[in-house]
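Analysis of the macromolecular model
Below are the chains, spelled out letter by letter.
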Amino acid sequence: MAKKRKKKNKNRSLPSSPAKLEQQAHSAVKSGNYRQAQSLYQVLAKKNAEKYLPQLISVQEKLLTQLRYHKKWKDIKQLVSGLQKNDPENPTLLATRIYLALSQGDVDRAAQMAVQSINLEQKANSTLNDSIADALATAFGPSQNVNDLPQNISEELNRIHAALKKISCNALDEALAQVKPIGLRSIFSNWKLYIKGVCAYYNHEDQKALTAFGKLPGGTVAENASWPFRILMAGTKALPDTIPASQLSHGLCLLGKEAETAETLARAEYLWQVKRYRDSFKHLHSNLADFPTQNPGLNHCLTSFYYGAYAQIPGEKAESYLKYLITAAMKKKGSHAFEKFKATQAMALWLEKEADWDEEIVEIWEEAISHHNAIGEKADLAAAMVYVHMGNIFCQEEPDDDPFGFFGFRRREKKRVTLHNAELAQTCFQKAMAADPNSRKAYLALLNLYEKIGDKRKINHTLDRIIKIFPDEKDALYKAGLRCMERNALIKGMKYLEKALLLDPIDRRLRTSFVQICIKAARSYVLKDNFEKCIESLQKAESKTSRTIDDLSIGLPYLYARWAIMLRQFKGKSKDSEQMLEKALAACRDTLKLHYFTWLTARFYEVAPKAFDNSRKAVNQAMAAEKDPATGAMLVNLLRACVAGLDKKPPRWLANEIKSINEYLIEAAKPECRHEDAQTIVAYAMEEKTRDMRIARTYIRLILDQTPDNARFRWFQFLSAFTMDIHPSQLMQKKNELKAIMTLAEDQGDQEIMQAAKQTYSHIEGTVKAFEEFQTIFGKWDDDDFFDEDDDFFDENEDDEDDFFSLDSAGTGLEMEGLDPIKPQKQLDLFDLLNPKLPKK
Amino acid sequence: MNPYDVLGIYPPADDAAIRARYLELVREFPPERHPERFAEINRAYAMIQDDEQRLRHTLFPPLPEEKSPLEVTINHLRKKRDRVPMSFDEMKLYLQKCAMD
């Protein structure tokens, strides 16, 4: 029916006037629509054969070429019979008939037609010549037809075949010598190019080979035969869209000496492409003797592919695919441990990513391990590795999906880490240690788990075990040292850190901790009035400091400054103290910074303020001189370091100090302020303990006046505004602001800002969604719904109303952390030792 | 990526053999001239350089980068370093198959 309708429509659409028909046929030819042109010329030829037949033949020739290019052999057959009637000796027709025979695998008939075409000695074109050469070159067997060939063609054909024979014997130079006499005008010139390309390929001259192959005309056998070579040299990118790679699988396998896989692969590839994944596997499984296999080679690569392909198969299909792999493995008679291992392993790996069935994951992995043990050595090691792997999965932190966390409702709560399945993780790590008592990774993973859940007793116990079994475990020694420092077991901690430093003397983290613990010990000896021990501790610290590093812990001048302060606390050591401070000043690069550091530290060590009056005077002098942001940034950096470890309100003297520095910063705000100084100052001004939004806004404006599109300062501006005017209804506007910041940050390559803005954006999105749901259930809100004075969410003692949307509130994503390039260094000795305990012996 | 294929060395090769092969390849494909290949060789070596890594690779193999069996075949064949010509019979078969396509 459909066919009839189509015919009817076609007739209706044909214009009746020959002029119109001719015009339409002409434009169809122009646009490459030869099928339509053919229909039109057929009508015209019926009316005036003399005038329109040549044009019809020409269009049919073009259509033939087009169809052959697309390998539509059925259509070609129909067209050939039509053209045969009109022009039986048409060269394109003859060429097509030859190719048609070749496509049917009838090499002899193709060769016979080729010989006949040569002997016709009539109008030949390049397509006909190419087809003759292709037919003769691929007809290798002894043929009577060849005897009828003109001598020159017969000679050249023999040369082509001889060259191909030479190639197969790896006599590449001889092969090239054979084809050398074949000229450019010869019908075999394409084959000469092909042979040159093949020889270059086997000689590893890829560029040369690709150039030769690139000259081959499209649609010829030589060109077809060149593609597998080209893919192996240049990859599938080299392949034009018209040739699907799957069509070449057979050729590729033959070329790559994988003939036995060729047929099977073609079908398996087809099944894979039509998403019949199980059937594709099944096809290889039942047709290849060595599949799946762990023996090296193509089949091993295919094995790895099929057992890892679950990741690219969508959801349920992946599950049924994996179940099939397991069934196929279990059905097999005999052990087939490798196949069973691969199938269960694939299922376990898939379950880890897709499912939440922890116990099932353990069960399947244990099964996989049992199969692995049957094929591989090192069973204990493998079991330990798998248990550690599972444990690490189970002790992953669960994402915090509390949308209201954004508003800081939970800010007073200590952020607790929720682990996926801590209990099972612990079991896995213990099983790993049981399987391989020397599994360092198992012990470290267990330690990591206890650190995450914050179980101090277990952490210490595990650390002791690790250090006992692995005395060279630097990280464990370091952690043990830190834990000792935390609980004031300073001598023990020092020993751990000393051992760690013997393993890696240049590790800055170790050096810093060691210097800190020594200072802490020295400070405690000061309180115990034990001068010798104090100096001994400081000398130990000195050995790990550096003259060149400007660091408050391991920088030598800062250690000397502390030393000077401690000396001042011993009776009769004032002179020594002064000399030590001189030494510190001589060793430092920035005397103002050292003076300020000395003064601040002395205040914290509760030394009489007058003792370091000179240092204070130097600072006062600098502050009284012309104000500049760089000095301001330096001063606030030290102040930030001081308050970083403070968990209560600053003492009065420090509060006054902060106040006076803040006044200085306001006066120092000048347009020539450098970005890095402004950033330090803004970060300081937005911190809770030193907050002064007036300073933050001043410096943000200063930078944005000069560079309005600076992503970092636009982000700071966003943060500073967020504290003042946030309301749920304004969140959309905030989202737009964030979008603009993200775009700018991307343009400026500022990854930190990109990430922070992105995180905040998703928080806002989550919150908006939560509020919308809230509205749906409870109706539209007004402010009172959220900011009720009696709201239990807030601390009764809250004295700062503005703090509702505190910048440091937990889980808001708006924290400054991570955005500040100059993070305050934790000054353990500045704060922790106001009332230190004595070191344990 | 199959690290064994990339390095062209297969089990039961030991640490020394794998390292020797790696160094040979690094010399052949220096980073200045073959940055991609060099990176691939490095990645492959890191995956199988010692017993523990090899076991890890067996237990937790990386997901295949290829999207189909044919892609796997092409990648595998491309990594073959020896190019051995087809026998004359294979060549005939090959060309006649190409004539049919």
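Residues numbered from 1 in each chain as written. Chains lettered and ligands numbered in written order. Predicted model: local features only at pLDDT ≥ 70, side-chain atom pairs only at ≥ 80, totals over all residues. Heavy atoms only, no water.

Some remarks on the overall build of chain A
Helix and strand content of chain A: 42 helices and zero strands. Taking all 841 residues of chain A together, the buried fraction comes to 51%. The contacts in chain A between residues at least 6 apart in sequence include a share of 61% that link residues at least 24 apart. Of the roughly 41800 Å² of accessible surface on chain A, 48% is carried by carbon and sulfur atoms. (Helix = DSSP H or I, 4+ residues; strand = E, 2+ residues; numbered from the N terminus. Buried < 20%, exposed > 50% of the residue type's maximum accessible area, 1.4 Å probe, protein only. Contact = heavy atoms within 4.5 Å. Areas by Shrake-Rupley, 256 points an atom, 1.4 Å probe, with all protein chains shown as cover.)

Topic: the overall build of chain B
Helix and strand counts for chain B come out as six helices and zero strands. N-terminal to C-terminal, the α/β element order of chain B is α-α-α-α-α-α. Scaling as 2.2 N^0.38, a compact globule of 101 residues should have a C-alpha radius of gyration of about 13 Å, whereas chain B reaches 17 Å, well beyond that. Seen through its C-alpha atoms, chain B measures out along the principal axes to roughly 50 × 30 × 25 Å. When the 101 residues of chain B are sorted by exposure, 46% land in the buried category. In the form shown here, chain B has an accessible surface area of approximately 5000 Å², with 52% of it arising from carbon and sulfur atoms. Of the side-chain charges in chain B, 16 are positive and 18 negative, and the distance between the mean point of each set is 3 Å. (Rg over C-alpha atoms; globule rule 2.2 N^0.38 Å. Lys, Arg positive; Asp, Glu negative; His and termini not counted. Charge placed at Lys NZ, Arg CZ, Asp CG, Glu CD.)

Observations regarding the interface of chain B and chain A
The parts lose accessible area when they come together, and the size of an interface is often stated as this lost area. Contacts between chain B and chain A engage 44 residues on the former and 77 residues on the latter. Buried area between chain B and chain A, summed over both chains or domains, comes out near 5400 Å², and the portion from carbon and sulfur atoms is 70%. At the junction of chain B with chain A, the criterion picks out five salt bridges. The residue Glu90(B) makes a salt bridge to Lys257(A) at a minimum N-O spacing of 3.1 Å. Our enumeration of links across chain B and chain A arrives at 19 residue pairs in polar contact (both at pLDDT 80 or more). Looking at the side of chain B that touches chain A, the elements with two or more residues in it are α4 (51–59), α5 (69–79) and α6 (88–100) of chain B. With twelve residues, the single largest contributor to the side of chain B that touches chain A is α6(B). Here the side of chain B that touches chain A is built from residues that sort into 23 nonpolar, seven polar and 14 charged. (Buried area = accessible area lost by both parts, 1.4 Å probe. Salt bridge = Lys/Arg side-chain N within 4 Å of Asp/Glu carboxyl O. Polar contact = N/O pair within 3.5 Å; in protein donor to acceptor, adjacent residues only side chain to side chain. Nonpolar A, V, L, I, M, F, W, Y, C, P; charged D, E, K, R; others polar.)

Structural notes on the side chain of Asp436(A)
Counting through the fold element by element, Asp436(A) comes out in the loop between α23 (422–435) and α24 (440–453). Excluding residues within four positions of it along the chain, Asp436(A) makes contact with Asp380(A), Leu381(A) and Ala384(A).

Some points on the packing of α23(A) against α24(A)
Residues and elements named next belong to chain A. Across the interface, α23 lies against α24 with an axial gap of 9 Å and an inter-helix angle of 160°. Classified by the angle between their axes, α23 and α24 sit roughly antiparallel to one another. Crossing hand, α23 versus α24: left-handed. Contacts from Ala422, Ala425, Gln426, Phe429, Gln430, Ala432 and Met433 in α23 reach Ala442, Tyr443, Ala445, Leu446, Leu449, Tyr450 and Ile453 in α24. (Axes fitted to C-alpha atoms, helices over the stretch in contact; angles between N-to-C directions. Parallel < 35°, antiparallel > 145°, perpendicular 65-115°, else oblique. Left-handed = near helix turned anticlockwise from the far one by under 90°.)

Quick notes on the pattern of salt bridges
All names here are of chain A. Summed over the entire model, instances satisfying the criterion amount to 47 salt bridges over all chains. Here aspartate 475 and arginine 509 are joined by a salt bridge, their closest N and O atoms 2.9 Å apart. Taken together, the residues span a long stretch of sequence, with aspartate 475 in helix α26 (residues 474–486) and arginine 509 in helix α28 (residues 508–527) at a distance of 34 residues. According to the relative accessible area criterion, aspartate 475 is partly exposed, its value standing at 33%. The salt bridge partner of arginine 712 is glutamate 752, with a shortest N-O separation of 2.7 Å.

Regarding the nonpolar core
Residues Tyr194(A) and Phe229(A) are the most contacted members of the largest nonpolar core, which totals 253 residues. Sequence-distant contacts of Phe229(A), defined by excluding residues within four places in its chain, comprise Tyr194(A), Val198(A), Tyr201(A), Tyr202(A), Phe213(A), Leu255(A), Met86(B) and Tyr94(B). Tyr34(A), Ala45(A), Leu79(A) and Leu100(A) belong to the second-largest nonpolar core, a separate cluster that totals 22 residues. (Core = buried A, V, L, I, M, F, W, Y, C linked by side-chain atoms within 4.5 Å.)

Points about the confidence of the model for chain B
Reading fine detail from the predicted coordinates is not recommended where pLDDT is low. Residues and elements named next belong to chain B. On average, chain B scores 90 in pLDDT, and the residues at 70 or more come to 100%. Across chain B, the secondary-structure element scoring lowest on mean pLDDT is α6, at 86, and the one scoring highest is helix α2 (residues 15–28), at 94. This complex was scored by the predictor with a pTM of 0.70 and an ipTM of 0.90. (pLDDT = per-residue confidence, 0-100.)

Thoughts on the environment of Leu477(A)
All names here are of chain A. Considering the arrangement of structural elements, one finds leucine 477 in helix α26. Between the C-alpha atom of leucine 477 and that of glutamate 606, which follows or precedes it by 129 residues, the distance is 33 Å. Residues contacting leucine 477, with those up to four places away along its chain left out, are Ile467, Pro471, Tyr496, Lys499, Ala500 and Leu503.

Here's the deal with the packing of α26(A) against α28(A)
Residues and elements named next belong to chain A. In contact at an axis separation of 11 Å, α26 and α28 are set at 25° when each is read in the N-to-C sense. What the angle tells us is that α26 and α28 run roughly parallel. Helix-helix and strand crossings are classified by hand; for α26 and α28 the assignment is left-handed. Contacts between α26 and α28 involve Lys474, Asp475, Tyr478, Gly481, Leu482 and Met485 from the former and Arg509, Leu510, Ser513, Gln516, Ile517 and Lys520 from the latter. Taken together, the residues of the contact of α26 with α28 break down into five nonpolar, three polar and four charged.

Re the packing of aromatic side chains
Residues and elements named next belong to chain A. Using the criterion set out here, one finds 30 aromatic pairs over all chains in the structure. Taking the centre distance of 6.1 Å and the plane angle of 45° together, the rings of tyrosine 194 and phenylalanine 213 count as tilted. Here tyrosine 194, found in helix α12 (residues 189–202), pairs with phenylalanine 213, found in helix α13 (residues 206–214); they are 19 residues apart in sequence, far enough to count as distant. Of the two residues, tyrosine 194 and phenylalanine 213, both sit in the buried class. Ring centres of phenylalanine 281 and tyrosine 307 lie 5.8 Å apart, and the angle between their planes is 85°; on these two criteria the pair is classed as edge-to-face. Of this pair, phenylalanine 281 sits in helix α17 (residues 277–287) while tyrosine 307 sits in helix α18 (residues 298–308), placing them 26 residues apart in sequence. Note on accessibility: phenylalanine 281 and tyrosine 307 belong to one class, buried. Among the aromatic residues, ring-to-ring pairing joins Trp272, Tyr277, Phe281, Phe291, Phe305, Tyr306, Tyr307, Tyr321 and Tyr324 into one connected group. We note arginine 568 situated over the ring of phenylalanine 612; from NZ or CZ to the ring centre the distance is 5.6 Å. The ring of tryptophan 599 has arginine 616 sitting right over it, with the charged end atom 4.3 Å from the ring centre. (Phe/Tyr/Trp six-rings, centres within 6.5 Å; stacked < 30°, edge-to-face > 60°. Lys NZ or Arg CZ within 6 Å of the ring centre and 35° of its normal.)

A word on helix α3 (residues 35–48) of chain B
All names here are of chain B. In this model α3 runs 20 Å from its N-terminal to its C-terminal C-alpha over 14 residues, within 8% of the 20 Å that 1.5 Å per residue would give. Of all the residues in α3, the buried ones are Phe38, Glu40, Ile41, Ala44, Tyr45 and Ile48. For α3, the angular spread of the buried residues around the axis is 160°, confining them to a single face. Exposed residues pointing more than 90 degrees away from the buried face of α3 are listed as Pro35 and Glu36. Buried residues in α3 make contact with α1 (3–7), α2, α4 and α5. (Expected span 1.5 Å × (residues − 1). Arc of directions from axis to C-beta.)

Remarks on a positive patch on the surface
Residue and element names in this part refer to chain A. A surface patch of like charges, here positive, comprises Lys495, Lys499, Lys528, Lys533 and Lys540. Listing elements by their share of the positive patch, those giving two or more residues are α27 (490–503) and α29 (531–542). A relative accessible area of 30% means that lysine 540 is categorised as partly exposed. (Patch = residues over 30% accessible without salt bridge, like charges linked within 9 Å, V, L, I, M, F, W, Y side chains within 5 Å.)

What about the side chain of Thr293(A)?
All names here are of chain A. By the secondary structure assignment, threonine 293 is in the loop between α17 and α18. Polar side-chain contacts of threonine 293 include one of 3.1 Å to the side chain of aspartate 290. Within polar-contact distance, the side chain of threonine 293 engages the backbone nitrogen of asparagine 295 at 2.9 Å. Residues contacting threonine 293, with those up to four places away along its chain left out, are Asn299, His300, Thr303 and Phe338.

Brief notes about unusual backbone geometry
All names here are of chain A. For the bond from phenylalanine 291 to proline 292, the omega torsion is -5°, close enough to zero to count as cis. One non-glycine residue, aspartate 529, adopts positive backbone phi at about 60°. Locating aspartate 529 in the fold gives a position in the loop between α28 and α29. Not every positive phi belongs to a glycine, and glutamate 606 is a case in point at roughly 60°. The residue glutamate 606 is located in the loop between α32 (591–604) and α33 (613–624) in this model.

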